[in-house]
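In case you want the letters, here they are:
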Amino acid sequence: MILFKNVSREYGDHNPALDNVSLKIEDGEFVMLVGQSGAGKSTIIKMLTGEEKTDQGVVYFQNRRIDRIKPRNLPDHRKQLGVVFQDFKLLSQKTAYENVAFAMEILGRSHKEIKRKVPRFLNIVGMSNKAKKFPAQMSGGEKQRLAIARALINEPSVLLADEPTGNLDVFNSWDIVNLLLKINEQLETTVLFATHNKEIVNSINKRVVSLDKGKIIRDSMEGKYII
Amino acid sequence: MRTMFLHLLRSIKYGFQNFVRNVFLTVSTTIVMVLTLFGLGFFLIVNQLSSNAVDEVENKIDIPIYLAEDVKKDKAKEFQSYVDNLANVKSTKFVSEEEALEDFKTTYKDYPDILDSINILNENPLSVTIVVQAENIRDYDGIVEQIKRSKYAGSVVKEINYEKSSTKRIIDRLTRILDWVQNLQFVVMILLAFLAIAIPYNTIRLTMYSYRNEIEIMRLVGASNMQIKGPFLVEGVLFGVFGTIISATLLFTMVLSLPEGVGDFFSTNISSYVQQNALMIVSAQLAVGILLGAGSSALAINRYLKV
């Protein structure tokens, strides 16, 4: 469970990134965070990964206060989360297989486990036949699929997707949304999906949390994009 | 234990991979490292050679103390042992009247007038001389002062050929030159130390900048700082090792092909000096190279390890 309790955060001169935000997300939910750029969507995601601190209020993850996690324990916290970005953050000199395997190797996984799991993750995101391709040889949608495969290596309980369709055309955007829905349903992973794509939000009938200037202005199940 | 070993192996693998795959960065960082370590090796050699040259000059300087004509040999020996025991005296030499006369004749063999004037006298006009050599050329003033204040002044010592002699002038001049050389060495050392740290550090910082994506990904999948640093530390060590190999090869090739005249200038056989001290020079370069490479990597990477 994710819980934001009266959380505020300011950048510089009274420029609120979050203003007294309270939000509760249950395990297995699919939640869309919507709002214009600068509304506070990314700040919420960064607070969950421990990259941003709160000025006021507290953030809980599985009943644990994130601000109290010591820096040396942050890596363990992050293993429970998968993160996907608008710009994919893939390594251009590595193939699809190597991009996923690299992250597992860095985490000290055994050679056997890597060999067994990488094809599985690539299969989940539908990239099995592109394992040997380099990012430059992939479409935007494929790159994002690969980034999602990498985000799954720790089999996280929560997947944080920060504008994952921001760089994609309509067709590829739907591809990614369907993949996130599939991960949510089949792997029971909680998905927090930040976007400002009105069409997607209005079509999938999931919970929508609307943000404006750092405030939650609407939170509705099966919501619509209304700002 | 097994995980640690696996991590170490992978750090080495990725370190090598980075080193080999990023040709431009590797070449530029290694060149900077080579220049730094070459400078270090060169400085070590020149420092040793100049200190040899200074020793050589110092060894050639001594001051004669002329004893009074009536001083008996026992008394002269007693005085010699007194001087020998003074602080900062490196050695003394007893020169008898006969030896002094021989030396005199040898020195002025081309000046028959002077030799004739000595020959006119029926007896040896020269007295026993104690030749003193100090540990350091700066010590002569103190030694002369002590002798002047001792009980031997006046009765035993007739004259110390120092204050008004050319020796004093040479010593003063040499002291000034030595001071200047030492100051210069100090400045060069500071400059070299600064360059040695600043240049590779900044080059490696640029290298790390190019890895910021990799580092961010590692951080977000939950890699610990040590797991992230490993490959970059290995890469830093490789910069040091390769820098040492290349710079040592260049340095030794250059020094060993120097014309002999250069060695004569420093009163040393440079090639034999370098051969004897090759291990010391390479070890110093390797130690500095590895420390600089790994240290700069560690420092530079911290910037991207913010939590």
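All residue numbers refer to positions counted from 1 along the written sequence of the respective chain. Naming scheme: in the order in which they are written, chains are lettered from A and ligands are numbered from 1. Two thresholds apply to this predicted model, a pLDDT of at least 70 for residue-level local features and 80 or more for giving and counting side-chain atom pairs, whereas whole-chain, interface and lining totals are computed over all residues. Just so you know, side-chain values use all the structure's heavy atoms and leave hydrogens and water out.

Let's talk about the interface of chain A and chain B
- Counting residues at the interface gives 29 residues for chain A and 22 residues for chain B.
- Buried area: the accessible surface (1.4 Å probe) lost by two parts on joining, summed over both. Surface buried jointly by chain A and chain B totals about 2,300 Å² across both partners, of which 56% is contributed by carbon and sulfur atoms.
- It is Arg78, Glu105 and Ile106 of chain A that lose the most area in chain A upon contact with chain B, and together they represent 26% of the buried surface on that side.
- Between Lys or Arg on one side and Asp or Glu on the other, a salt bridge is scored when a side-chain nitrogen of the former is within 4 Å of a carboxyl oxygen of the latter. Applying the counting criterion to the chain A and chain B interface returns three salt bridges.
- Here Arg219 of chain B makes a salt bridge to Glu51 of chain A, at a shortest N to O gap of 3.9 Å.
- In protein, a polar contact means a hydrogen-donor-capable atom and an acceptor-capable atom, both N or O and within 3.5 Å, with residues adjacent in sequence counting only if both atoms are side-chain atoms; elsewhere, any N or O pair within 3.5 Å suffices. The interface formed by chain A and chain B contains seven residue pairs in polar contact (both at pLDDT 80 or more).
- Starting at the N terminus, helices and strands are each numbered in turn, a helix being any DSSP run of H or I of at least four residues and a strand any DSSP run of E of at least two. Secondary structure elements with two or more residues in the side of chain A that touches chain B: helix H2 (74–78), strand E6 (81–85), helix H3 (96–106) and helix H4 (111–124) of chain A.
- Here the element with the most residues in the side of chain A that touches chain B is H3 of chain A; it accounts for five residues. Only heavy atoms matter for contacts: two residues are in contact if any of them lie within 4.5 Å across the pair.

Re the nonpolar core
- Remark: nonpolar core denotes a set of buried residues (Ala, Val, Leu, Ile, Met, Phe, Trp, Tyr, Cys) joined through side-chain atoms within 4.5 Å. Residue exposure (1.4 Å probe, protein chains only): buried if accessible area is under 20% of the type maximum, exposed if over 50%, otherwise partly exposed. Grouped together as the largest cluster of nonpolar side chains are 70 residues, with contacts concentrated most on Met32, Ile148, Leu180 and Phe193 of chain A.
- Those residues in contact with Leu180 of chain A that lie beyond four places of it in its chain are Phe30, Ile148, Leu159, Ala161, Pro164, Val191 and Phe193 of chain A.

Describing H4 of chain A
- For H4 of chain A, built from 14 residues, the straight-helix expectation of 20 Å at 1.5 Å per residue is met to within 8% by its first-to-last C-alpha distance of 20 Å.
- For H4 of chain A, the complete set of buried residues consists of Glu113, Ile114, Lys117, Val118, Phe121, Leu122 and Ile124 of chain A.
- Buried-residue contacts for H4 of chain A involve H3, helix H5 (140–151) and helix H6 (170–186) of chain A together with helix H1 (2–21) of chain B.
- Of the residues flanking the end of H4 of chain A, it is Gly126 of chain A, one or two places downstream, whose phi is positive at about 70°. Working rule for helices: expected span equals 1.5 Å times residues minus one.

Notes on the sheet that holds strand E4 (residues 56–61) of chain A
Residues and elements named next belong to chain A.
- Strand order across the open sheet formed by four strands is E2-E1-E4-E5, with antiparallel pairing between neighbours. Edge strands, defined here as strands with exactly one partner in the open sheet, are strand E2 (15–25) and strand E5 (64–65).
- Pairing geometry for strand E1 (residues 2–11) and E4, over five bridges, is antiparallel. Its bridge partner being in E4, Ser8 is matched across the sheet by Gln56.
- Helix H1 (residues 41–49) rests against E1, E2 and E4 of the sheet, and its axis sits at about 115° to E1. Should DSSP find at least two bridges between two strands, the strands are taken to pair. A fitted line through C-alpha atoms serves as each axis, taken over the contacting stretch for helices, and the angle formed by two N-to-C directions is quoted from 0 to 180°.

So, a nonpolar patch on the surface
All names here are of chain B.
- Side chains of Phe5, Leu8, Leu9, Ile12 and Phe16 sit close together on the surface and give an oily, nonpolar patch of about 480 Å² of accessible area.
- Position of Phe16 among the secondary structure elements: in helix H1.
- The exposure class of Phe16 is partly exposed, given its relative accessible area of 40%. Residues enter patches when their relative accessible area tops 30% and they take part in no salt bridge; the joining distance is 9 Å for like charges and 5 Å for the nonpolar side chains Val, Leu, Ile, Met, Phe, Trp and Tyr. Under the convention used here, a 1.4 Å probe and the Shrake-Rupley method define accessible areas, while residue burial counts only the protein chains that appear.

Just distances and angles here, no functional claims.
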